[in-house]
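Structural characterization, general
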Amino acid sequence: MAKKDTSCCNEKFKTTIGGQALIEGIMMRGPEKDAIVVRGKDGLTLEVTPRKIRKKGSFATWPLIRGCVNFFDSQVVGVKALMRSADLAPEEYTGDDKPSKLDQWLEKKLGNETFQRYLIGFAVFAGLAMSVGLFFLLPMVIGGFFDGVITTTLGLNLVEGLVRIVIFMVYMFLISRMSEMRRVFSYHGAEHKTIRCYEAGLPLTVENVRNQTRLHPRCGTSFLLVVMVISILVFSVASSALLNLIPALSDIRGSFLYRLIMIVFKLLLLPVVVAITYEINRWAGRHDNAFTRILTAPGMWMQNFTTNEPDDAMIEVGIAAVQAVLPEEEGTDRW
C-alpha cells in the first residue's frame, strides 16, 4: 500500500523550481525554462519554452518592484499554460465543444494569434478582478458597516482581515468539493510531491515521489494567506497615516464618502501588499527555522483542501515536468 504524507523534513536543499496544476497536466517553471506536460490519449505531451532572464540590477529585479512584476508575470504564464492544457487534454476531461459563433467571429476578425492574446489578457484581468472583488473589496464593504461600533483603525482592519480570511477559507473548501477540481488538485499534489522528492536528493522515480508529502511550504496557497495577513498591517498603518495627513476625513467617518475613499485607498495599496509579501516569502524560502515554520503553517494546513493524493500516472507527469526544467548547471536553481 502506498505511503502517504510521511511529511518528514528530509530536504537537502531548497529549489526555486515551482509549478501549477493544469487540466490533466502540470506546468513547471525553472530558472531557465518553462515546461507544460499534459497526459493525452496518446501519452505525455511535453512543451518547453525558454524563460526571459532579467539582467541583475534591472528595474524589474529591484526589491519590492520584483514582487509585483513576478506576480503579474506568473498570472499571465499560468493562464497561458491552463489554456494550452485545455487544448491538449482529452475531451472527456475538458468538456470541449465546438467554438461558439462569437468565438469563430472573433478569431476570423482578429486572427488566431491576436485572438489568443486578447483572450489571455481578458482571462488575466477577469481572474484578478474576481480575486480583488471577492477577497478584498467585499471584506472592505462588510468591514465598513462596523464603523459605528469599532472606532480604531486597527480594529476595523482586523475585522476586515478576519472576514477576508473566512471568505478565502470557505471559497477554497467549496471548490475542493467540486468533482471537476479533484483531478486538478491531484495534479497539484503530484507537483508538490515531485519537488519534495527532488529537494530530498532522491532519484525521481514513481516510488520515491509517491512516498513524499503532498504539502509544500513554498506553495501559492501560503503566499495568498500571507498576503491577507500582511494586508491587515499595511492597511492599518497606511490608513492611520492618511487620517493624520488629512484630519478632515475624521469628520466624515462613517459616511458613504468616507467608506468609498478608504476602499479606493486600500485598493491602491494592493501592489504594496503583494510586493512586501513576495519579499517575506522569498526570505522564508531561504530559511528553515521556528519562525518560518509558523509563518507557513496556515498555508500548509490549507493545502489539505487544495491538494489530493495523485495516482502513478499523475506522478509520471510531475517527474517529466521537473526533469524538463532542470538547469544545465547543477545547483543554479537553489535559493
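All figures in this text were calculated on a predicted structure; none of them were measured in a lab.

1. Here's the deal with the overall build of the protein chain
From N to C terminus, the protein chain includes 13 helices and 4 strands. Counting the 335 residues in the protein chain, one finds 40% classified as buried. A sequence separation of at least 24 residues applies to 73% of the contacts in the protein chain between residues at least 6 apart. Accessible area for the protein chain stands at about 18,200 Å²; split by element, carbon and sulfur atoms hold 64% of it.

2. So, the packing of helix α8 (residues 220-245) against helix α11 (residues 270-286)
Two elements in contact, α8 and α11, have axes whose closest approach is 9 Å; the angle formed by their N-to-C orientations is 125 degrees. In terms of orientation, α8 and α11 fall into the oblique class. For the crossing formed where α8 meets α11, the hand is right-handed. Residues Phe-223, Val-226, Val-227, Ile-230, Ser-231, Val-234 and Phe-235 of α8 form the contact with α11, whose participating residues are Leu-270, Val-272, Val-273, Val-274, Ile-276, Thr-277, Tyr-278, Ile-280 and Asn-281. Across the contact of α8 with α11, the residue classes break down as 13 nonpolar, 3 polar and no charged.

3. Points about the pairing of strand β1 (residues 18-22)
Relative to strand β2 (residues 25-29), β1 runs antiparallel, the two being bridged by 5 bridges. Considered in β2, the bridge of Leu-22 is made with Gly-25. In this structure, the hairpin formed by β1 and β2 is closed by a connection of 2 residues, where Glu-24 is found at a positive phi of approximately 55 degrees.

4. Describing the side chain of His-192
Tracing the backbone shows His-192 in helix α6 (residues 179-199). Given the relative accessible area of 3%, His-192 is considered buried. Separated by 2.9 Å, the side chain of His-192 and the backbone oxygen of Arg-214 make a polar contact. Beyond its immediate chain neighbours, meaning those up to four positions away, His-192 contacts Thr-213, Arg-214, Leu-215, His-216, Cys-219, Gln-303 and Thr-307.

5. Some thoughts on the environment of Arg-253
In this fold, Arg-253 is placed in the loop between α9 (248-251) and α10 (256-268). Between the C-alpha atom of Arg-253 and that of Thr-151, which follows or precedes it by 102 residues, the distance is 9.2 Å. Apart from the residues lying within four places of it in its own chain, the contact partners of Arg-253 are Thr-151, Thr-152, Thr-153, Leu-156, Leu-243 and Tyr-258.

6. Concerning the pattern of salt bridges
A complete count under the given rule lists 18 salt bridges for this structure. Residues Arg-51 and Asp-34 are paired through a salt bridge, measuring 3.7 Å at the closest nitrogen-oxygen approach. Residue Arg-51 is found in the loop between β4 (43-50) and α1 (65-88), and its partner Asp-34 is found in strand β3 (residues 33-40); the two are separated by 17 residues along the sequence. The class of Arg-51 is partly exposed, set by a relative accessible area of 27%. For Asp-34, a relative accessible area of 10% corresponds to the buried category.

7. What to know about the packing of α8 against α10
Between α8 and α10, whose axes approach to 11 Å, the crossing angle comes to 130 degrees. Taken as axis vectors, α8 and α10 run oblique relative to one another. For the pair α8 and α10, the crossing hand works out as right-handed. Of the residues in α10, those touching α8 at Phe-235, Ala-238, Ser-239, Leu-242 and Leu-243 are Tyr-258, Met-262, Phe-265 and Lys-266. In terms of residue class, the contact of α8 with α10 is built from 7 nonpolar, 1 polar and 1 charged.

8. Here we look at unusual backbone geometry
In this structure, Glu-24 is a non-glycine residue whose phi angle is positive, near 55 degrees. With respect to the element layout, Glu-24 can be found in the loop between β1 and β2. Among the residues examined, Glu-24 registers a relative accessible area of 5% and is labelled buried. For Leu-64, which is not glycine, the phi torsion reads 75 degrees and is therefore positive. Inspection of the secondary structure assignment puts Leu-64 in the loop between β4 and α1. Given a relative accessible area of 44%, Leu-64 falls into the partly exposed group.

9. As for the nonpolar core
Most often, soluble globular proteins keep nonpolar side chains buried together rather than apart. With 28 residues, the main nonpolar core has Phe-135, Phe-136, Phe-168, Phe-235 and Val-273 as its most contacted residues. The set of elements that each furnish at least two residues to this core consists of α4 (112-144), α5 (153-176), α8 and α11. Element by element, the count of residues in this core is highest for α8, at 9 residues. If near-sequence neighbours (up to four positions away) are discounted, Phe-235 is found in contact with Phe-136, Met-140, Asn-157, Glu-160, Arg-164, Lys-266, Leu-269, Leu-270 and Val-273.

Cut-offs applied
- Residues numbered from 1 in each chain as written.
- Predicted model: local features only at pLDDT ≥ 70, side-chain atom pairs only at ≥ 80, totals over all residues.
- Heavy atoms only, no water.
- Helix = DSSP H or I, 4+ residues; strand = E, 2+ residues; numbered from the N terminus.
- Buried < 20%, exposed > 50% of the residue type's maximum accessible area, 1.4 Å probe, protein only.
- Contact = heavy atoms within 4.5 Å.
- Areas by Shrake-Rupley, 256 points an atom, 1.4 Å probe, with all protein chains shown as cover.
- Axes fitted to C-alpha atoms, helices over the stretch in contact; angles between N-to-C directions.
- Parallel < 35°, antiparallel > 145°, perpendicular 65-115°, else oblique.
- Left-handed = near helix turned anticlockwise from the far one by under 90°.
- Nonpolar A, V, L, I, M, F, W, Y, C, P; charged D, E, K, R; others polar.
- Pairing = 2+ DSSP bridges.
- Polar contact = N/O pair within 3.5 Å; in protein donor to acceptor, adjacent residues only side chain to side chain.
- Salt bridge = Lys/Arg side-chain N within 4 Å of Asp/Glu carboxyl O.
- Core = buried A, V, L, I, M, F, W, Y, C linked by side-chain atoms within 4.5 Å.

Just distances and angles here, no functional claims.
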